[in-house]
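Structural description and commentary
Given next are the chains, with one letter for each unit.
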Amino acid sequence: MDAVSAALKELEDAWDVASNLNNGQGDFTSPALWNRLTALLTNAKAAADAATRGDRILYPPKQEQWLYDEVTRQHLRKGMTDYVGAVAGQRLFQQARLNAPALAVPAHPANIAATGQANANHQNAPVTLTLNITDEVAHHVCLRHTFTYFDFHLRTRAINTMWPNMATFANVTALAGQLAPHIAQLCLDHQISVADDDPVRWPGDDIELTNQPAGQHCVYFVVSIEDVQPTAAGGHHVLAEAKTFAPSGASGPGFMRQELETIGRALGILQ
């Protein structure tokens, strides 16, 4: 990052620290905080004034940070994901599919493959969120986000990311078990920070977040709030279900939809 971005990143970090105080409700009363934010904004302004932008108000875009989707004609931000390209990607898919076991459709799709739980205090009352990841969702992740089982016939998104070293359905369910507690906490923190104050109004909310830290991984996920029940302690128990989870950032390589089409044809899967 340049000096402007570095100063703004420090400002964001300082704000996030203050936001997480007071059991996640935030504490913005410290004069030191505002002095710090003011200093960082001043530093960012000075760095911007010192930079050469060719008489532009904004910096020109850095082309290497953007990808172009031929279908939607959109320019998409690359971020920290590694885009290895069609040639290297073809080798990864070929290696992963050598002697790979067949992927069976779950006999009982609603079976819970993994569960995670998170706790927080909200409005001076305890809130627990239980997140379930079913066999059906794990099967979906295999078809969408693994080299071994990726289904080239499914409609792909503009950008698709793959979990590395996920050679079996069991590997994916084990990964789900690792991620579930982290995703549960991310969901609970998100709902407390942005949703209606009363958790009984949360059912029906869909949470879609990307570039989220989850243990040793960085994830994109979609979670649906299914139910909220009061507890004997005067709080609430929130039941949520994951719809998908995929790698973000450095946790897995990414492919443009046109690259996957090229790979699919090279593998003889697509015509």
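Basis of the calculations
- Residues numbered from 1 in each chain as written.
- Predicted model: local features only at pLDDT ≥ 70, side-chain atom pairs only at ≥ 80, totals over all residues.
- Heavy atoms only, no water.
- Axes fitted to C-alpha atoms, helices over the stretch in contact; angles between N-to-C directions.
- Helix = DSSP H or I, 4+ residues; strand = E, 2+ residues; numbered from the N terminus.
- Left-handed = near helix turned anticlockwise from the far one by under 90°.
- Contact = heavy atoms within 4.5 Å.
- Nonpolar A, V, L, I, M, F, W, Y, C, P; charged D, E, K, R; others polar.
- Buried < 20%, exposed > 50% of the residue type's maximum accessible area, 1.4 Å probe, protein only.
- Phe/Tyr/Trp six-rings, centres within 6.5 Å; stacked < 30°, edge-to-face > 60°.
- Lys NZ or Arg CZ within 6 Å of the ring centre and 35° of its normal.
- Salt bridge = Lys/Arg side-chain N within 4 Å of Asp/Glu carboxyl O.
- Pairing = 2+ DSSP bridges.

Relative to each other, helix H4 (residues 135-145) and helix H5 (residues 169-194) sit at 115°, their axes nearing to 9 Å. When the axes of H4 and H5 are compared, the crossing they make is right-handed. Counted together, Asp135, Ala138, His139, Val141 and Cys142 of H4 and Phe169, Val172 and Thr173 of H5 form the full contact between these two elements. Looking at the contact of H4 with H5, its residues break down into 5 nonpolar, 2 polar and 1 charged.

Buried within helix H6 (residues 257-266) we find Arg257, Gln258, Glu259, Leu260, Ile263 and Gly264. Buried-residue contacts for H6 involve strand S1 (66-69), helix H3 (85-97), strand S5 (159-161) and strand S9 (254-256). Gly268 occupies a position one or two residues after H6 and carries a positive phi of about 80°.

Quick look at the packing of aromatic side chains now. The geometry of two aromatic rings is summed up by the distance between their centres and the angle between their planes. Summed over the entire model, instances satisfying the criterion amount to 9 aromatic pairs. Both rings, one in Phe93 and one in Phe152, keep their centres 5.2 Å apart while their planes meet at 55°; by these two values the pair is tilted. Of this pair, Phe93 sits in helix H3 while Phe152 sits in the loop between H4 and S5, and the two are 59 residues apart along the sequence. Of the residues examined, Phe93 reaches a relative accessible area of 0% and is grouped as buried. Judged by its relative accessible area of 7%, Phe152 is buried. Residues Phe150 and Phe152 carry aromatic rings whose centres are separated by 4.9 Å and whose planes lie at 85° to one another, so their mutual orientation is edge-to-face. Phe152 shares its class with Phe150; the two are buried. Among the aromatic residues, ring-to-ring pairing joins Phe93, Phe147, Phe150, Phe152 and Phe255 into one connected group. For Arg77, the ring lying beneath its charged end belongs to Trp66, and the centroid distance is 5.6 Å.

This next bit is on the pattern of salt bridges. Pairing between side chains of opposite charge can happen when the charged atoms of each approach one another. By the definition in use, this model includes 5 salt bridges. In this structure, Asp49 and Lys45 form a salt bridge, with 2.6 Å as the shortest nitrogen-oxygen distance. Taken together, the residues Asp49 and Lys45, both in helix H2 (residues 31-50) and 4 residues apart, mark about one turn of the helix. Between Glu226 and Lys243 there is a salt bridge, with the nearest N and O atoms lying 3.9 Å from each other. Of this pair, Glu226 sits in strand S7 (residues 217-230) while Lys243 sits in strand S8 (residues 236-247); the two residues are 17 residues apart in sequence, bridging distant segments of the chain. Overall, Glu226 belongs to the partly exposed group, its relative accessible area being 36%.

Spatially, the 5 strands line up as an open sheet ordered S3-S4-S8-S7-S6, and their pairing is mixed. Edge positions in the sheet fall to strand S3 (112-122) and strand S6 (206-214), since each has one partner strand and no second. Across the sheet, the axes of successive neighbouring strands diverge by a mean angle of 30°, strand direction being ignored.

These figures come from the coordinates and say nothing about function on their own.
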